[in-house]
Amino acid sequence: MPAAQRSQAPLPAHLSPSSPAPARWRRPGWRDPRLAGGLALIGGAVALGAWAVDSAAGTQEVYILTRDVAPGTDLTADGVLALVDSRPGTGAYIPAGSLPGDAIATRSLGKGELLPTAAVAPASAASQRSIVIEASLGLPKGTGAGDGVDLWQLPDGQAPRSAGSAAPVASAVTAHPSVGTAPAGDSSQESQEGAGRARVVAQGLVIRAVNQERTSLVSTGTTTVEVLVPEGSVADVLTAVGSGRPLVLVPTGQGS
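Nothing here was measured: the structure is a model prediction, and the numbers come from that model. (Residues numbered from 1 in each chain as written. Predicted model: local features only at pLDDT ≥ 70, side-chain atom pairs only at ≥ 80, totals over all residues. Heavy atoms only, no water.)

Participant: Give a detailed account of the overall build of the chain, specifying residues and quantitative values.
Facilitator: Across its full length, the chain holds five helices and nine strands. Classification of the 256 residues of the chain by burial places 32% in the buried group. For the chain, contacts bridging at least 24 residues in sequence account for 70% of all contacts bridging at least 6. Put simply, the chain shows about 16,000 Å² of open surface, and 56% of that area lies on carbon and sulfur atoms. (Helix = DSSP H or I, 4+ residues; strand = E, 2+ residues; numbered from the N terminus. Buried < 20%, exposed > 50% of the residue type's maximum accessible area, 1.4 Å probe, protein only. Contact = heavy atoms within 4.5 Å. Areas by Shrake-Rupley, 256 points an atom, 1.4 Å probe, with all protein chains shown as cover.)

Here it is, written out as structure tokens:
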């Protein structure tokens, strides 16, 4: 082929002067949003990991109630407490291993509640005694462990009503704490009131447990209730229990 014709041969398309130059790869700069986003993700992951490690290191085992308890309950008994990991942040709750061997609850506590330091005391420091009482009128609906009650004694010969009428009777009785509270020189009236009116035996009692109601063919139903009695009222309560007269527990609206 002549030289002139060879010089006029067309060039390949990729070598044509009119074709655009191939794009070059450029290293991303600091202002590239993709680089900034990646750095932000890495920083967040590092911060989250550090927080998780710090949180795990800051937890401690504390006691938690597995059931409702009334004042005076033995907290060392089986099935009362369990251990959970928590971050209480203060000394308001008892950590694992710090529960006294004779610990009791000083107030009502609910299931799922962390055990507060202020609600625990050694049994030797308790000023209440547990006494079982047969409540002739039963208990009003909704009354149970942890509720505050007053103990009343019905007069001789007065037949108690059914358990369902406990609330109306409780609101109708007249307080007569003791014969000695009547005005001086009125001994005959004191004698009549003492024989024919209900009287308060003890106040400030707390229900610890309520047992199943018992009934018979010859008597009305009675409910056996375990109550916590202040030490100063134990003698009065035991005297009332031994007298054989019907006893009534009247809720005070205090307690759990």
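Participant: Go over the nonpolar core with me, naming the residues and quoting the values.
Facilitator: In terms of nonpolar packing, the biggest core is built from 18 residues, with Leu151, Val227 and Leu249 touching the most fellow members. Ranked by the residues each element gives to this core, the list is headed by strand 7 (residues 199-214), at four residues. Setting aside anything within four residues of it in sequence, one finds Leu249 in contact with Ala135, Leu139, Val149, Asp150, Leu151, Val225 and Val227. Core analysis: the next-biggest nonpolar cluster, separate from the first, contains 14 residues, Val80, Ile94, Leu109 and Ala119 among them. (Core = buried A, V, L, I, M, F, W, Y, C linked by side-chain atoms within 4.5 Å.)

Participant: Describe the pattern of salt bridges, with residues and values.
Facilitator: All told, the structure shown has three salt bridges when counted by the stated rule. Where Arg129 meets Glu231, a salt bridge forms, and the shortest distance between an N and an O atom there is 3.4 Å. Taken together, the positions of Arg129 in strand 5 (residues 128-135) and Glu231 in the loop between strand 8 (222-230) and helix 5 (234-243) put the pair 102 residues apart, joining distant regions of the chain. The partner of Arg208 in a salt bridge is Glu226, with the nearest N and O atoms 3.7 Å apart. Residue Arg208 is found in strand 7, and its partner Glu226 is found in strand 8; the two are separated by 18 residues along the sequence. The partly exposed category is assigned to Arg208, whose relative accessible area is 27%. The exposure class assigned to Glu226 is partly exposed, which follows from its relative accessible area of 22%. (Salt bridge = Lys/Arg side-chain N within 4 Å of Asp/Glu carboxyl O.)

Participant: Hey, could you go over the environment of Gly72 for me, with residue numbers and the actual values?
Facilitator: One can find Gly72 in the loop between strand 1 (60-65) and strand 2 (81-86). Residue class for Gly72 comes out buried when judged on its relative accessible area of 17%. Distance from Gly72 to Ser130, taken between C-alpha atoms, is 8.3 Å for residues 58 residues apart in sequence. With near-sequence residues (within four places) excluded, Gly72 lies in contact with Ile104, Ala105, Arg208 and Leu228.

Participant: Run through a nonpolar patch on the surface, naming residues and quoting values.
Facilitator: On the surface, a cluster of nonpolar side chains totalling about 300 Å² of accessible area is made up of Leu39, Ile42 and Val46. Mapping Val46 onto the fold places it in helix 2 (residues 33-58). Judged by relative accessible area, which is 57%, Val46 ranks as exposed. (Patch = residues over 30% accessible without salt bridge, like charges linked within 9 Å, V, L, I, M, F, W, Y side chains within 5 Å.)

Participant: Residue-level account of helix 5, with values.
Facilitator: Among all positions of helix 5, only Val234, Val237 and Ala240 are buried. Taken down its axis, helix 5 places every buried residue within 135° of arc, on the same side. The exposed residues of helix 5 that point more than 90 degrees off its buried face are Ala235, Thr239 and Gly242. Directly beyond the C-terminal end of helix 5, a positive phi value near 85° is found at Gly244. (Arc of directions from axis to C-beta.)

Participant: Describe in detail the confidence of the model for the chain, supporting the description with residues and values.
Facilitator: Counting all residues, the mean pLDDT for the chain is 74, and 61% of those residues have values of 70 or more. Of the regions scoring below 50 in pLDDT, residues 162-191 engages in 30 contacts with residues more than four places distant in sequence or in other chains. (pLDDT = per-residue confidence, 0-100.)

Participant: Tell me about the side chain of Thr73, residues and numbers included.
Facilitator: Considering the arrangement of structural elements, one finds Thr73 in the loop between strand 1 and strand 2. Sequence-distant contacts of Thr73, that is, excluding residues within four places in its chain, are made with Arg67, Ala103, Ile104, Ala105 and Arg208.

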